[in-house]
Amino acid sequence: MKKQFAMIMALVIITFIGFGIIIPVLPEVVDSHFHLNMMLVVYSLVAFIMSPIWGKLSDRYGRKPIILIGTIGFGLSFLLLAISNADLVVMYASRVLGGLFSGAVAAVAVAYIADITTEDTRTKGMGLIGMSIGLGFIIGPGVGALLSIGSLYTPFYVSALLAFITCGIMAWQLPESLTAEQRLAQPKLTGSRWQAFEGKLKYLYVLSFFVSFSLAGLEGTLQYYNKYKFDATPTDVGLMFLISGIVGALIQGGVVRRYIKKGDEPRFMAYGLVLSAVGFGLLIFTTNFWTGAIYLTIFSAGNSLIRPCVTSLISQKTTVAQGLASGLGSSMDNLGRIGGPLFGALLYGLSKELPYAIGVVLSLAAVALLARFVLLDRKTTVSE
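Keep in mind the model is a prediction, meaning the values are calculated, not measured. (Residues numbered from 1 in each chain as written. Predicted model: local features only at pLDDT ≥ 70, side-chain atom pairs only at ≥ 80, totals over all residues. Heavy atoms only, no water.)

Structural notes on the pattern of salt bridges
By the definition in use, this model includes five salt bridges. A salt bridge links D377 to K200, with the shortest nitrogen-to-oxygen separation between them at 2.7 Å. Placement of the pair is D377 in helix 14 (residues 354–383) and K200 in the loop between helix 8 (180–185) and helix 9 (201–230), with a sequence separation of 177 residues. A single burial state applies to D377 and to K200, both of which are buried. The salt bridge partner of D264 is R267, with a shortest N-O separation of 3.5 Å. Residue R267 is classed as partly exposed on the basis of its relative accessible area, which comes to 41%. (Salt bridge = Lys/Arg side-chain N within 4 Å of Asp/Glu carboxyl O. Helix = DSSP H or I, 4+ residues; strand = E, 2+ residues; numbered from the N terminus. Buried < 20%, exposed > 50% of the residue type's maximum accessible area, 1.4 Å probe, protein only.)

Structural data, given as structure tokens:
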């Protein structure tokens with residue numbers, strides 16, 4: 001099992017390094033704020049549609065083949081971006097391709113971890129996945145900035161190469177997590193993703209959407225906001241995200257992995273939501289680099305407690321197959337990333353502090369959703 005954990009963590013880290021590499025470069029290649037945002041929206045929209053489909057396919061045909069298909073497709077999307085030569089049609093096509101295959105990596109990796117963990121160890125496993133995502137995002141942008149010194153397109157080629165190398169390693173070393181009997185026992189590929197969106201679990205899925213929506217709104221406006229507040233440079237904002245990302249990875253790899261046991265998830269999610277609300281509120285009072293970095297880190301600490309716990313709870317409580325459940329979770333995350341940047345930009349146009357004030361409101365509303373889930377879960381447990 002340690003080998004399987006290590007392989008999936010490596011897959012996620014390398015995938016998100018490849019994703020993070022392009023973050024500082026893409027705005028330089030796409031000389032249009034509108035098209036840049038629309039590419040992000042298109043990517044997330046396609047991923048929203050496809051993630052549960054990949055999850056259902058992995059329930060039926062196994063996790064490994066879907067992960068391999070997704071990794072190849074992800075690599076091809078970066079290769080298409082590398083040869084685009086700033087042609088908008090080709091760049092949009094690359095983002096569609098990336099969204100098409102992203103769920104085959106992210107959602108199915110989560111389902112794989114759910115397969116090889118028990119309910120008692122699942123939160124620890126999801127914490128390691130969260131830490132891997134965080135490490136990829138921490139390493140990627142810095143590597144991208146260095147690689148772009150020679151050519152803006154070099155990071156895209158490197159991202160494609162990383163994906164193809166990862167696929168080769170997975171094909172050679174990664175064992176399948178579902179037996180043939182388990183795959184045959186799965187229901188036929190019919191029905192809707194919303195089969196997983198039922199009963200008490202719908203409150204967790206909506207909570208996940210709120211968290212993703214508010215985070216995407218923050219990411220889409222923070223650079224402009226900090227420039228307004230203290231004339232921040234892109235390097236300043238990159239360092240702020242680096243500091244907060246390191247803290248988030250340490251929390252997911254330390255606190256979540258070591259101290260959160262089965263049954264503790266709702267309590268730590270509540271802590272995380274309150275911390276996120278505090279972080280959002282404090283960002284309104286940013287005055288310089290250090291206050292901004294500290295307030296963003298407080299927000300990141302809260303966010304790092306929420307995500308692995310909600311993923312673990314969904315995988316523990318779902319009554320449908322793990323692939324379908326994790327696919328819907330990935331879809332809700334992508335749905336938040338579709339609307340979050342657009343809504344954040346709209347709010348920012350009305351008032352520069354408004355996206356963060358609304359972030360406070362959404363975080364506290366998510367606490368109410370969590371309370372509703374806990375109440376219904378207790379009633380279900382008593383009735384059983």
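Structural notes on the packing of helix 4 (residues 63–82) against helix 7 (residues 154–173)
When two helices pack together, you describe them by how their axes are tilted relative to each other and by the distance separating the axes. Contact geometry for helix 4 and helix 7: axes closest at 7 Å, N-to-C directions at 165 degrees. One element, helix 4, and the other, helix 7, form an angle in the roughly antiparallel class. Once helix 4 is placed against helix 7, the crossing between them reads as left-handed. Contact residues: K64, L68, T71, I72, G75, L76, F78, L79, L81 and A82 in helix 4; F156, Y157, S159, A160, A163, F164, T166, C167, M170 and A171 in helix 7. Class assignment for the residues of the contact of helix 4 with helix 7 results in 15 nonpolar, four polar and one charged. (Axes fitted to C-alpha atoms, helices over the stretch in contact; angles between N-to-C directions. Parallel < 35°, antiparallel > 145°, perpendicular 65-115°, else oblique. Left-handed = near helix turned anticlockwise from the far one by under 90°. Contact = heavy atoms within 4.5 Å. Nonpolar A, V, L, I, M, F, W, Y, C, P; charged D, E, K, R; others polar.)

Examining empty space enclosed by the protein
As enumerated under the stated definition, the model contains three cavities of 30 Å³ or more in all. Here the largest cavity defines a volume of roughly 80 Å³. What lines the largest cavity is a set of 13 residues, among which F213, S214, G217, L347 and P355 lie closest to the centre. Within the residue set of the lining of the largest cavity, elements represented by two or more residues are helix 9, helix 13 (322–350) and helix 14. Class assignment for the residues of the lining of the largest cavity results in eight nonpolar, five polar and no charged. (1 Å grid on protein atoms, 1.4 Å probe; cavity = no way out; pocket = protein on both sides within 12 Å on 5 of 7 lines; lining within 4 Å. Points joined across faces, edges and corners; volume = space filled by probe spheres on them.)

Some words on the packing of aromatic side chains
According to the stated counting rule, one finds eleven aromatic pairs in the structure shown. Ring geometry for Y153 against F156: centres 6.0 Å apart, planes inclined by 75 degrees, an arrangement best described as edge-to-face. Here F156 falls in the buried class, since its relative accessible area comes to 0%. Pairing F289 with W290 gives two aromatic rings, centres 4.9 Å apart and planes at 85 degrees, and the pair type is edge-to-face. In this structure F289 comes out as buried when scored by relative accessible area, which is 17%. (Phe/Tyr/Trp six-rings, centres within 6.5 Å; stacked < 30°, edge-to-face > 60°.)

Focus: a nonpolar patch on the surface
Where nonpolar side chains cluster on the molecular surface, the patch consists of I72, L76, L79, I83, Y157 and F164 and spans about 510 Å² of accessible area. Looking at the nonpolar patch, the elements that each hand over two or more residues are helix 4 and helix 7. Relative to the assigned elements, I72 resides in helix 4. Residue I72 is classed as partly exposed on the basis of its relative accessible area of 38%. (Patch = residues over 30% accessible without salt bridge, like charges linked within 9 Å, V, L, I, M, F, W, Y side chains within 5 Å. Areas by Shrake-Rupley, 256 points an atom, 1.4 Å probe, with all protein chains shown as cover.)

Re the confidence of the model for the protein chain
Averaged over all residues, the pLDDT of the protein chain equals 83, while 93% of them reach at least 70. Of all the helices and strands in the protein chain, helix 8 carries the lowest mean pLDDT, 67, while helix 11 (residues 265–283) carries the highest, 94. (pLDDT = per-residue confidence, 0-100.)

Observations concerning a positive patch on the surface
Taken together, K2, K124, R258 and K261 make up a surface patch of like positive charges. Residue position: K124 is located in helix 6 (residues 122–147). (Lys, Arg positive; Asp, Glu negative; His and termini not counted. Charge placed at Lys NZ, Arg CZ, Asp CG, Glu CD.)

Quick word on unusual backbone geometry
Positive phi, close to 55 degrees, is recorded for N85, a residue that is not glycine. Inspection of the secondary structure puts N85 in the loop between helix 4 and helix 5 (88–116). On the basis of relative accessibility, which here comes to 63%, the residue N85 falls in the exposed class. The backbone of D231 shows a phi angle near 60 degrees, a positive value even though the residue is not glycine. Structurally, the position occupied by D231 is in the loop between helix 9 and helix 10 (234–259). Taking relative accessible area as the criterion, D231 reaches 56% and is therefore assigned exposed.

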